[in-house]
Amino acid sequence: MNTLQRLALASAISTLAACSSFDGQRTVKTGPTLADIQPAVMPDPTKPVPKIELAEIEKRYQQALTTANQPETRRKILIRLAGLEMARSETDLVESEVADASYFGNAITMYQELIDLQRMQPAAVGKGTSVDELLYQLSKAYALDGQNDKADATLEQIAKEFPNSPYLAEAFFRQAERSFSDEDYRESTARYEAVVAAGPKSEFYENALYMLGWSQFKRGVYEDALGTFTKLLDVYLSDGSELAGLTGSARTLCEDTLRVMSLSFSYLDGSTTIQQTYARLGRRDYEHLLYAGLADLYLSKQRFTDSASTYQTFVNQHELDKRAPEFSLARVKVFEAGGFPEKVVTAKRDYIMRYGITSQYWAAKTEAEREPLLPSLHEFLTELAQFRHARAQQWDETLAANPKQQFKAEDKPVTPARINEEFLLAAQWYREFLATFPEDDATATMNYLLAETLYAAGQTEPAYVEFHKVAYFLDELLTDMEMGANAGYNAFLFAQELQKAATAADVQIYWEEQIVYNGLLFSDLYQADPRALSVLVTSAQGLLNNGDNLKAVEAGMRAVQWEPAPEGELLITAWLIVAQAQFNAEDYNNAEVAYNEVLELLPEGDSRRASINERLAASLYKRAEQSVAKGDLGSAVDQLLQVKARLPDSDIARTAHYDAANYLVDLGRNDEARSLLLEYRSKYPQDPLTENIAAKLVVVYQALENWSAAADELRTVMKTDADPEFQRQSTYLVAELYEKAKDYPSAIEFYRSYAHSYPAPFADNIEAQYKLTELYQTTGDGTKRNFWLQKLISAHDAAKTATPRSLYLAAWSANDLADQHFNSFNRIKLTLPLKTSLNRKKKALEVALKGYEKTLSYGVEEFTTKSNYRIGEIYASLSEDLMDSERPKGLSALELEQYEILLEEQALPFGDRAIQIHTANSQRSWSGIYDEWVKDSFESLRKLLPGRFNKPEKGIEVSDEIY
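Caption draft 1: Main features of the overall build of the chain. A tally of regular secondary structure across the chain gives 46 helices and 2 strands. When burial is assessed residue by residue, the chain has 46% of its 963 residues classed as buried. Sequence-distant contacts, at least 24 apart, represent 58% of the contacts inside the chain between residues at least 6 apart. A total of about 50600 Å² of accessible surface is found on the chain, and carbon and sulfur atoms cover 51% of it.

See below:
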């Protein structure tokens, strides 16, 4: 069987049903009546229907034909026989292995007879089968028998005679096929277009479109062919159907159509033509198949760049299409197949940028739609991050090895800045991996690598954040505890680095806190790490520096109790931290214990022992301060003396010595205080505090009533303190101290110095003058005493703001001086010659009277009554002295009588004056004043006026007896 026969057979098979569908009118025959009909019986389904061979059926029709005389009957039999003959001939054609054999001669003869019969006797044969149908069957038989010209002529006959025949489309289709077989593609194009023009209702429509496209393709009019093939694909795929959903010939037809379209696109401008075609024809849901087919075609021809570009064009045009990720992946695989490593990297980067977690595509899709992206994103993110990281490290190592030798990568110089950029690119992909796969098994590792790249790029603070996260927030994802420990240690080191680099105070404080925070976390979580103890000690130091003493003690004690036990400097440092923190927290007892631990660990001769001793002494000293605050000065003294005894050479021992002496003074333990103060002055003569010793000894010596020593110490103080007020006060105090010590000359010296040097304050000045009057009286120097008595009077009289005290002292001084004159008056005896002695007596009287008048002028009651009494006594005394005066010798009795009368006349006024004054003084008792001087005036009046003032008192006796 030749090729044309097989092609015709394939086409004929599709219309076989039409060949056996002819119907005609049945000849009515007389048969059995209703009475002859047997009751209906259902057939036995278990019995098979008898099979009758095709030859047997044909034989029976042949027998019937020989007896058929009626044209209609004969036509019907011929139609059946022709159909059977066609079926048998087709079977023989398929099964035959002989080329160019003829099998359809009988069928052809039968159809020719039927056509003739129909044309000659149309009325006789009826209207059941049309001539165009018979011509169609005849054409088919010719075609199957290899008589193509006759087949075409028959089809032309149908087209000419029956333009509206339903078989016209097939007629054109067969003509088109014939032209296509003859490679007359222009003719086949026209005839296929005629079939297509009949519309989709024709059963040849799809095949005609397919062959029309091929005809156009063969002619090289690729754009026309693409339009035709698009119409064909629209039939099967325009409703959203997928190619995978098609089966059988439909699937085969579409696949072949896609292949030829790919060829067409490749002959034009490739993927650009796809864009242009469907910009012109309108978008199609199946465009991805066209891009994929073209890309596959390019790939099969090893046109890798064109294949990848085709995939990329689709992606660019359909960014949110669900197939876009598949096409991007296909692009990656094309570059991999082509051996383009740099383009593979770029394609994978583009995939992440288009479909990663930050992309528009990701945001527009549901979680279920994103799920297919994850495997590729996981792979590409990992690869890109590690690729960039490794390359940056390689560049860095190369540049470090030869800093002066330049080298290039990708035709660009590799500089430190570019290396940093490469590290940051790696960091970018590590970050996106972490954002996309936060709970992945590789998350901790990727986070660690992110931190490394950031640090390598000079971004210490972000690196710190990431290392910290790995160490302490991804512990559930950590499969490698060593990596976690390294991350934690790096975070600790970076915090220190950032603290050193900080310039602002608040930033420094922040990083100091972070150092401590990270150190404590590290020592808790990674205790087995050999660096944990050192980190803990550093953190304890940080807590101490930050003033968090309680936590510093806690951390320090953890360090000293670490297992295995710490040794060497770490242990010393830990104890020092504990000691200082306890000291700062005012836990001085435990601080003392801790400092002693440090001293136990430090070898003799270690230069640090001195400073530790100082701190130990400070702890003891602070304990003493606490005792002082509680009011327990006795304990404070004991603790301070312990400092002095245990650490005599320390600086603080000096202070403790001094303070102990002060507290002993406060406690009244003056003998001990004196000893310590004297020892301090002897031991530390150049110490600034030594200047205060003398003042403190003044107090101590006063308490001990060692007035002279107190005065001597105060004089020492006066030599060093030039303050005028201090000098003034000290001068007075020294005078007082010497006075108490009965060192009267020294006391007089300092009182006199005070009285001359410090007129103000007035009150202190007149007291100093008063003291001088007292001291001069003690020493028996009346002249100097009288001088200061007079100074007291003058000072009061000259004062602008006199005081009650100055008034009293002035009155007291005037009275004292008047008394002295009174005594002088009394000591003068009236002797002969009377006139001479009387004159002296009168002068003394005047001076005494003037003195008492001065006293009276101050109006001080105490001295007023006394002065009045004394004045009265002066007058009485003068009167009495006159009467008792020595008589001249040699007087006669008459002369003597006359002389006495004269004396009495002289004495009487004085007596009267005395009575008046005493009377006035005694009358003060009427106003409630009855002191000794008023009383003495009454006594004087008894003598001067005994009749009035010397009357005996009479008492009245009363009996209590009851009768």
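Caption draft 2: Seen up close, the packing of helix α8 (residues 148-161) against helix α9 (residues 168-181). At a closest axis distance of 9 Å, the pairing of α8 and α9 adopts a crossing angle of 145°. Between α8 and α9 lies a crossing of left-handed hand. For the pair α8 and α9, the contacting residues are Asn-148, Ala-151, Asp-152, Leu-155, Glu-156 and Ala-159 in the first and Leu-168, Ala-171, Phe-172, Arg-174, Gln-175 and Arg-178 in the second. Residue composition of the contact of α8 with α9, grouped by class: 6 nonpolar, 2 polar and 4 charged.

Caption draft 3: Here's a closer look at the pattern of salt bridges. Evaluation of the coordinates by the stated rule reveals 44 salt bridges. A salt bridge links Arg-388 to Glu-422, with the shortest nitrogen-to-oxygen separation between them at 2.9 Å. Of this pair, Arg-388 sits in helix α21 (residues 374-401) while Glu-422 sits in helix α22 (residues 416-436), and the two are 34 residues apart along the sequence. Classification of Glu-422 as buried rests on a relative accessible area of 5%. A salt bridge links Asp-764 to Arg-728, with the nearest nitrogen and oxygen atoms 3.1 Å apart. Note that Asp-764 is positioned in helix α39 (residues 762-779) and Arg-728 in helix α37 (residues 724-740), a separation of 36 residues in sequence. Owing to a relative accessible area of 10%, Arg-728 belongs among the buried residues under this scheme. Here the salt bridges share partners, and the residues they tie into one network are Glu-342, Arg-388, Arg-391, Glu-410, Arg-418 and Glu-422.

Caption draft 4: Main features of the side chain of Asp-152. Note on placement: Asp-152 falls in helix α8. Dropping the residues within four chain positions of it, Asp-152 is found in contact with Gln-175 and Arg-178.

Caption draft 5: Here's a closer look at the packing of helix α25 (residues 481-501) against helix α26 (residues 505-525). Running from amino to carboxyl end, α25 crosses α26 at an angle of 160°, the nearest separation of the two axes being 8 Å. Put simply, α25 runs roughly antiparallel to α26. Judged by the twist between their axes, the crossing of α25 over α26 is left-handed. Listed contacts from α26 to Ala-485, Gly-488, Tyr-489, Ala-491, Phe-492, Ala-495, Gln-496, Leu-498 and Gln-499 of α25 are Gln-508, Trp-511, Glu-512, Gln-514, Ile-515, Asn-518, Gly-519 and Phe-522. Tallied by class, the residues present in the contact of α25 with α26 amount to 9 nonpolar, 7 polar and 1 charged.

Caption draft 6: Expanded view of helix α15 (residues 287-300). An ideal rise of 1.5 Å per residue puts 20 Å on 14 residues; α15 measures up with 20 Å between its terminal C-alpha atoms. Of all the 14 residues making up α15, 11 are buried; the element is thus mostly covered by neighbouring parts of the structure. For α15, the complete set of buried residues consists of Glu-287, His-288, Leu-289, Leu-290, Tyr-291, Ala-292, Gly-293, Leu-294, Ala-295, Leu-297 and Tyr-298. Considering only its buried residues, α15 is in contact with α12 (222-237), α13 (248-267), α14 (271-281), α16 (304-317) and α17 (324-338).

Caption draft 7: Representation of the environment of Gly-199 in the model. Tracing the backbone shows Gly-199 in the loop between α10 (185-197) and α11 (205-219). A relative accessible area of 12% places Gly-199 in the buried class. As for Gly-199 and Ala-169, which are separated by 30 residues in sequence, their C-alpha atoms are 9.5 Å apart.

Caption draft 8: Layout of unusual backbone geometry. Across the junction of Glu-563 and Pro-564, the peptide omega takes the value 0°, indicating a cis bond. Of note, Pro-564 is situated in the loop between α28 (549-560) and α29 (568-584). Of note, the amide linkage connecting Ala-760 to Pro-761 takes the cis form, showing an omega dihedral of 0°. Among the structural elements, Pro-761 can be located in the loop between α38 (744-757) and α39.

Caption draft 9: Here's a closer look at helix α33 (residues 651-667). If you check α33, its first and last C-alpha atoms are 25 Å apart, about what 17 residues at 1.5 Å a residue would give, namely 24 Å. Of all the 17 residues making up α33, 12 are buried; the element is thus mostly covered by neighbouring parts of the structure. Residues of α33 that are buried in the fold lie against α31 (609-629), α32 (633-646), α34 (670-683) and α35 (693-703). Of the residues one or two after α33, Gly-668 is the one with positive phi, at around 80°.

Caption draft 10: Spotlight on the packing of aromatic side chains. In this structure the tally under the stated criterion is 37 aromatic pairs. Ring centres of Tyr-455 and Phe-494 lie 4.1 Å apart, and the angle between their planes is 15°; on these two criteria the pair is classed as stacked. Residue Tyr-455 is located in helix α23 (residues 443-456), and its partner Phe-494 is located in helix α25; the two are separated by 39 residues in the primary sequence. Residue Tyr-455 is classed as partly exposed on the basis of its relative accessible area, which comes to 35%.

Caption draft 11: Quick peek at the side chain of His-796. Secondary-structure assignment places His-796 in helix α40 (residues 782-798). At 3.5 Å, the side chain of His-796 and the backbone nitrogen of Leu-807 are in polar contact.

Caption draft 12: Quick peek at the environment of Asp-816. Following the sequence through the fold, Asp-816 ends up in helix α41 (residues 804-827). It is 8.0 Å that separates the C-alpha atoms of Asp-816 and Leu-789, two residues lying 27 residues apart in sequence. Those residues within four positions of Asp-816 in sequence are excluded, and the remaining contacts are Arg-785 and Leu-789.

Caption draft 13: The environment of Arg-913, seen in detail. The topology assignment puts Arg-913 in helix α44 (residues 893-922). Along the backbone, Arg-913 and Ile-871 are 42 residues apart, and their C-alpha atoms lie at a distance of 9.3 Å.

Caption draft 14: The arrangement of the confidence of the model for the chain in detail. Of the residues in the chain, 89% have a pLDDT of 70 or more, and the chain-wide mean is 85. Segment residues 1-37 is flagged for pLDDT under 50; beyond a separation of four residues in sequence, or across chains, it makes 65 contacts in the model. Low confidence marks residues 959-963, where pLDDT is under 50. Its contacts with residues over four positions away, or in another chain, come to 0 contacts.

Caption draft 15: Layout of a negative patch on the surface. Judged by side-chain charge, Asp-149, Asp-182, Glu-183 and Asp-184 come together as a negatively charged surface patch. Along the chain, the position of Asp-184 falls in the loop between α9 and α10.

Definitions and limits used
Residues numbered from 1 in each chain as written. Predicted model: local features only at pLDDT ≥ 70, side-chain atom pairs only at ≥ 80, totals over all residues. Heavy atoms only, no water. Helix = DSSP H or I, 4+ residues; strand = E, 2+ residues; numbered from the N terminus. Buried < 20%, exposed > 50% of the residue type's maximum accessible area, 1.4 Å probe, protein only. Contact = heavy atoms within 4.5 Å. Areas by Shrake-Rupley, 256 points an atom, 1.4 Å probe, with all protein chains shown as cover. Axes fitted to C-alpha atoms, helices over the stretch in contact; angles between N-to-C directions. Left-handed = near helix turned anticlockwise from the far one by under 90°. Nonpolar A, V, L, I, M, F, W, Y, C, P; charged D, E, K, R; others polar. Salt bridge = Lys/Arg side-chain N within 4 Å of Asp/Glu carboxyl O. Parallel < 35°, antiparallel > 145°, perpendicular 65-115°, else oblique. Expected span 1.5 Å × (residues − 1). Phe/Tyr/Trp six-rings, centres within 6.5 Å; stacked < 30°, edge-to-face > 60°. Polar contact = N/O pair within 3.5 Å; in protein donor to acceptor, adjacent residues only side chain to side chain. pLDDT = per-residue confidence, 0-100. Patch = residues over 30% accessible without salt bridge, like charges linked within 9 Å, V, L, I, M, F, W, Y side chains within 5 Å. Lys, Arg positive; Asp, Glu negative; His and termini not counted. Charge placed at Lys NZ, Arg CZ, Asp CG, Glu CD.

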